[in-house]
Amino acid sequence: MLKDARDYQILFLSLFLVLGIGTRDWTLHPEFILVAIATCCLTQWVAASLKYFIEVDNKDARDNGNTEGLIDTKNLADVFNFSLVKPAFRSAIITSLGLSLLLRVDHCSTMVLAGAIAISSKFIFKIKDKHFFNPANIGIIAVLVLTQDAWVSPGQWGEDWWYLLLFAGTGGLIVKKVGRWDTTAAFLGAYALLEAIRNFWLGWTWDVYWHRLMSGSLLLFALFMITDPRSIPNARISRYLWAISIALLTFILRNYFFIPTAVFWALFALAPLTIVFDSIWQAPRFSWQETSPSFTENLTLDLAIAPKSAPQMEREKSQVG
Amino acid sequence: MNRLRISLSCILSLIIFIGYTPNAWGFCGFYVAKADTKLYNQASQVVIARDSDRTILTMANDYQGDVKDFAIVVPVPVAIEKEQVRIGDPKIVERLDAFSAPRLVEYFDDNPCQVYPASETPPPLPAPAGGAPQSPPARSTLGVTIEAQFNVGEYEILILSAKESSGLETWLKQNGYRIPSGASQLLQPYIRQKMKFFVAKVNLKEFNKSGYESLRPLMIAYESPKFMLPIRLGMVNSKTEQDLIVYVLSPKGQAEVTNYRTVKVPSDSEIPLFVKNEFSDFYKAMFQNAYTKESKKVAFLEYAWDMGSCDPCSAEPLTVEELKKAGVFWLKPNEGTNVFISRIHVRYTRDKFPEDLMFQETANRKQFQGRYVLRHPYTGEMKCPAAAEYKRSLKQRSEEQAQTLSQLTGWRVEDIRQKMKLVSDRSEPFWRSIWTD
């Protein structure tokens, strides 16, 4: 079937978009979705090319002691050689679909900015070749802050049980694919507990509690955004702590600062903790096709059957080299 | 931080009838009767003028009972002082209603042997109801503190804070307010969030002096990051569906509900001409139908528009003076009217809307209106080959309009056809629609 767990993500996110346009009368514009996809892929390509040239140059410099002629004609042609440049289009598409699902804008230019910042962040905010901001998240936060015409509609997924089941089912499948279900569980568990305590203390009836948790946007976030294995902590213990911290901050921002988009701010603010946690608890980092001991426990056969010859793996190796 | 904690708060709720029907006002919040009068609230209107954390809230009501029995309890974010409360002008709420009401527009076909612009029917408007005043409450402990007590216009206002919901309930009862059973439990969450309670009743003497026949809207100005309306209290004494129309005025853009879906009402449909005479029936049926289709748990957006203009206009845009009376506080001289209105209609019941309404303003400046189209066929003399084609198209158009109307309202399509006098047309042989000569 699909060889890369990201293919499943693309499939499911697309399904949600189609469902969203079909059944929820959002301000979802197909042209904005196309713009988001195009921008993310293009940015990914350009950034990957730049990275490739810089790496090639550095390698040349190391090999030959020659730092001149940084980019020659032959190298320029390499820009179109995807097997060399290896732009991770799948990741870019996932980011663009995530943006399309969560972000609302008035103008195409804002979506372009969100997409460009999202993908660029992967190449800029990284330590030891690991980016620590979730691309779609930083894209959303950036345009919320920098532009006048971007917003997030937390209520637009409604709270139907049907959606809950659909999200939980398919999302669960995906996170199992990528082996970070523990993050989702820790986040949702901690958040649900905090809300339960607050609900009990305030004396609201429990349907208020369920209504607060039944938010489609919250689940979408928990299942698809904070599970991105490339930007979250490597060790399980640190993922627990990290997810719980985000839940706590979300809870505070939502209930005491009344910010409707609390989850996105919480993730943005705490993303750099990944670096700290990774330095404290070390574990092999995640790659999309490779299995490693640290998470085989979570994902067992799904990743084990993924082919190891995929380009990404080569990239991983080259990065190691 | 302190301010933020204090800001745990809220506002209020209200409701309304809709569209073109003559509106009645109704405080929602919850009514507290001073006597054993049966009270109910069916519809309320709230105007929220908001820029960042600053809010001016106008509550208008359709209170139908005796004025001396009128009282409301509304949780508010912060302690309110006398200078933060004003009497609103009922006409302004009417103006906002008229300006933003769903509208019917007409087009007239041109002679096919060669279409005019639209005219629209303006909506009629609400009128409040009337009554008479009451005696002042006594003080007592019970953990209830009177933060402020003052009169504004015909209203006697108390700002209370409480430690325990049972204490507040007892206090209100001892002071002659009739609290619906079950209210105590609902007061607790607001007390724990350190909200204050805005309690208003009518001073009969002042009311009689004022010469008004009905209660005027109350306006409260306050500062709080919490952008919400507490509808839960309003549901204590009402099991039935309640209508609330919220007019959010913002310098930024469209407002939406963040904890329920905000859905646009069906719009821009072409419907049969007879609807012109029964537009209010049409709108009520259509709204009910849309409400049911959305499982009764969404908020409907009926209008979203920059208040500098309208197209077509169901009422003239509000003047700067009127906007200020509606609570718009950010206008500066010579800078135009930067006001975006969102008319959000929520029909709610206890089971589908467990949580108070939370709002946000967005940067969305896309305009939207509930608009329904009538197209009059050309009735003059037509002498050209295109005329036959035009007449055929009319039949198809009528049938489509009948279907649309049926889908929108849930009315039986047979009944609609009858009203449109389409019945006989349908018995024509099918071939005649193609072989005409």
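Residues numbered from 1 in each chain as written. Chains lettered and ligands numbered in written order. Predicted model: local features only at pLDDT ≥ 70, side-chain atom pairs only at ≥ 80, totals over all residues. Heavy atoms only, no water.

(A) Inspection of the packing of helix α9 (residues 181-202) of chain A against helix α10 (residues 206-213) of chain A at higher detail. Residue and element names in this part refer to chain A. Between α9 and α10, the shortest axis-to-axis distance is 10 Å and the interhelical angle comes to 150°. The orientation of α9 with respect to α10, classified from their angle, is roughly antiparallel. For α9 against α10, the interelement crossing comes out right-handed. Contact with α9, carried on its side by Tyr191, Ala192, Leu193, Glu195, Ala196, Arg198, Asn199 and Phe200, involves Trp206, Val208, Tyr209, Arg212 and Leu213 of α10 and no other residues of that element. Looking at side-chain class alone, the contact of α9 with α10 contains nine nonpolar, one polar and three charged residues. (Axes fitted to C-alpha atoms, helices over the stretch in contact; angles between N-to-C directions. Helix = DSSP H or I, 4+ residues; strand = E, 2+ residues; numbered from the N terminus. Parallel < 35°, antiparallel > 145°, perpendicular 65-115°, else oblique. Left-handed = near helix turned anticlockwise from the far one by under 90°. Contact = heavy atoms within 4.5 Å. Nonpolar A, V, L, I, M, F, W, Y, C, P; charged D, E, K, R; others polar.)

(B) Geometry of the pattern of salt bridges. Scanning all chains against the criterion turns up 34 salt bridges over all chains. One salt bridge connects Lys130 of chain A with Asp278 of chain A, and the closest N-O pair in it is separated by 2.8 Å. Within this pair, whereas Lys130 of chain A is found in strand β3 (residues 130-131), its partner Asp278 of chain A is found in helix α14 (residues 273-280), the two being separated by 148 residues in sequence. Both residues of the pair, Lys130 of chain A and Asp278 of chain A, count as buried. Two residues, Arg365 of chain B and Asp306 of chain B, come together in a salt bridge whose shortest N-O distance is 2.9 Å. Taken together, the residues span a long stretch of sequence, with Arg365 of chain B in the loop between β19 (357-361) and β20 (368-369) and Asp306 of chain B in strand β17 (residues 298-306) at a distance of 59 residues. Look at Arg365 of chain B and you get partly exposed, because its relative accessible area is 30%. (Salt bridge = Lys/Arg side-chain N within 4 Å of Asp/Glu carboxyl O. Buried < 20%, exposed > 50% of the residue type's maximum accessible area, 1.4 Å probe, protein only.)

(C) Focus on the interface of chain A and chain B. If you look at the interface, chain A gives 34 residues, while chain B gives 35 residues. With both chains or domains summed, chain A and chain B bury close to 3,000 Å², and 52% of this area falls on carbon and sulfur atoms. Counting every contact that joins chain A to chain B gives three salt bridges. The partner of Lys366 of chain B in a salt bridge is Asp106 of chain A, with the nearest N and O atoms 3.8 Å apart. In this structure, the connection of chain A to chain B is made through 13 residue pairs in polar contact (both at pLDDT 80 or more). Every element with two or more residues in the side of chain A that touches chain B is listed here: β4 (150-152), α9, α10 and α12 (236-256) of chain A. Looking at side-chain class alone, the side of chain A that touches chain B contains 13 nonpolar, twelve polar and nine charged residues. (Buried area = accessible area lost by both parts, 1.4 Å probe. Polar contact = N/O pair within 3.5 Å; in protein donor to acceptor, adjacent residues only side chain to side chain.)

(D) Spotlight on the packing of helix α3 (residues 165-174) of chain B against helix α4 (residues 183-192) of chain B. Residue and element names in this part refer to chain B. It is the contact of α3 with α4, at a shortest axis distance of 8 Å, that shows an interaxial angle of 120°. Viewed along their axes, α3 and α4 adopt a mutual orientation that is oblique. Considering only the axes of α3 and α4, their crossing is right-handed. Only Ser184, Leu187, Gln188 and Ile191 of α4 make contact with α3, whose side of the interface consists of Ser165, Ser166, Leu168 and Glu169. Partitioned by chemical class, the residues of the contact of α3 with α4 number three nonpolar, four polar and one charged.

(E) Spotlight on the state of the cysteines. Residue and element names in this part refer to chain B. Evaluation of the coordinates by the stated rule reveals two disulfides over all chains. The side chain of Cys113 participates in a disulfide bridge whose partner is Cys384; the two sulfur atoms lie 1.9 Å from each other. Torsion about the S-S bond of the Cys113 and Cys384 cystine: about -90°, corresponding to left-handed handedness. Cys113 sits in the partly exposed class, given a relative accessible area of 30%. The side chain of Cys310 participates in a disulfide bridge whose partner is Cys313; the two sulfur atoms lie 1.9 Å from each other. Looking down the S-S bond of the Cys310 and Cys313 bridge, the torsion is 95°, so its handedness is right-handed. (Disulfide = S-S within 2.5 Å.)

(F) A look at the nonpolar core. Residue and element names in this part refer to chain B. In this structure, Ile157, Phe198, Phe282 and Leu357 are the most contacted members of the largest nonpolar core, which totals 72 residues. Take this core: its biggest share by element is seven residues, from helix α6 (residues 279-293). When we break this core down by domain, the ones giving at least three residues each are domain 1 (2-372) and domain 2 (381-433). If we ignore the near neighbours within four places in the chain, the residues touching Phe198 are Met59, Ile72, Val73, Val74, Val76, Val85, Ile157, Leu158, Ile159, Leu218 and Ile220. (Core = buried A, V, L, I, M, F, W, Y, C linked by side-chain atoms within 4.5 Å. Domains from an automatic or database assignment.)

(G) How the structure looks around the environment of Val339 of chain B. Residues and elements named next belong to chain B. Following the sequence through the fold, Val339 ends up in the loop between α7 (320-325) and β18 (340-348). Between the C-alpha atoms of Val339 and Pro251, which are 88 residues apart in sequence, the distance is 4.8 Å. Setting aside chain neighbours within four positions, we find Val339 in contact with Leu249, Ser250, Trp305, Asp306, Met307, Leu323, Val328, Trp330 and Leu331.

(H) Here's a closer look at unusual backbone geometry. All names here are of chain B. One non-glycine residue, Lys194, adopts positive backbone phi at about 60°. Mapping Lys194 onto the fold places it in the loop between α4 and β10 (196-202). The phi angle at Asp268 is positive, at roughly 60°, despite the residue not being glycine. Among the secondary structure elements, Asp268 is positioned in the loop between β15 (261-264) and β16 (269-270).

(I) Broad picture of the pairing of strand β4 (residues 71-76) of chain B. Burial of β4 of chain B is extensive: six of the six residues sit out of reach of the surface. Because side chains alternate across β4 of chain B, one face comprises the buried residues Ala71, Val73 and Pro75 of chain B, and the other comprises Ile72, Val74 and Val76 of chain B, equally buried.

(J) Focus on the packing of aromatic side chains. Residues and elements named next belong to chain A. Applying the stated criterion to the full structure yields 28 aromatic pairs over all chains. Between the aromatic rings of Phe133 and Phe268, the centroid separation amounts to 5.3 Å while the plane-to-plane angle is 20°, which identifies the pairing as stacked. Of this pair, Phe133 sits in the loop between β3 and α7 (135-146) while Phe268 sits in helix α13 (residues 262-270), placing them 135 residues apart in sequence. Taking relative accessible area as the criterion, Phe133 reaches 9% and is therefore assigned buried. (Phe/Tyr/Trp six-rings, centres within 6.5 Å; stacked < 30°, edge-to-face > 60°.)

(K) Representation of the pairing of strand β11 (residues 218-223) of chain B. Residue and element names in this part refer to chain B. Two strands pair when backbone bridges link them, and strand β3 (residues 54-61) and β11 are joined in this way by six bridges, in the antiparallel orientation. Among the inter-strand pairings, Arg54 is bridged to a residue of β11, identified as Glu223. Relative to β11, strand β5 (residues 85-87) runs antiparallel, the two being bridged by three bridges. From the neighbouring strand, Arg86 faces β11, where its bridge partner is Met219. (Pairing = 2+ DSSP bridges.)

Shape is all these values report; function is a separate question.
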